[in-house]
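So the chains spell out like this:
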Amino acid sequence: MSEEKKSITLHIAQQAFRMNIPMEHEEMYRTAERRIHQYMRTLSEKTNITDNFTLLGYAAINFALNEVNLVEKQKFVDNDLKDCLKKIQEVVNEALAKS
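Given the structure is predicted, the values throughout are model-derived calculations rather than measurements.

In this section: the packing of helix 1 (residues 26-47) against helix 2 (residues 52-98). The contact between helix 1 and helix 2 brings their axes to 9 Å, and the two run at 115°. Handedness of the crossing formed by helix 1 with helix 2: right-handed. Across the interface between the two elements, Arg35, Ile36, Tyr39, Met40, Leu43 and Ser44 of helix 1 pack against Asn52, Leu55, Leu56, Tyr58, Ala59, Asn62 and Phe63 of helix 2. Among the residues forming the contact of helix 1 with helix 2, the class breakdown is nine nonpolar, three polar and one charged.

So, in structure tokens, the structure goes:
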């Protein structure tokens, strides 16, 4: 059974982006649209950059860096969790061996 799609239009940097998305993801797309607008607005106010393409480029760089950072943090958390689980497994195995 395929998931139900919804046609939406996002407006970013005065451009319309039409897409078909899973219905349950609409709010996520709308939130992303708002975050891009907010970042571009804040950057424009701080730097006096008015060109939408330039602002969008900086936004893309910013969000890509955030994603890279999150992926790296997740790798660290995953490795740290694996190490902790190995230690727990060792303790459990020692306790079982003694009983």
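What follows covers the environment of serine 44. Mapped onto the fold, serine 44 is located in helix 1. Separated by 11 residues in the primary sequence, serine 44 and leucine 55 place their C-alpha atoms 7.2 Å from one another. The residues contacting serine 44, other than those within four sequence positions of it, are Ile49 and Leu55.

What counts, and where the lines are drawn
- Residues numbered from 1 in each chain as written.
- Predicted model: local features only at pLDDT ≥ 70, side-chain atom pairs only at ≥ 80, totals over all residues.
- Heavy atoms only, no water.
- Axes fitted to C-alpha atoms, helices over the stretch in contact; angles between N-to-C directions.
- Helix = DSSP H or I, 4+ residues; strand = E, 2+ residues; numbered from the N terminus.
- Left-handed = near helix turned anticlockwise from the far one by under 90°.
- Contact = heavy atoms within 4.5 Å.
- Nonpolar A, V, L, I, M, F, W, Y, C, P; charged D, E, K, R; others polar.

Nothing here speaks to function; it is geometry throughout.
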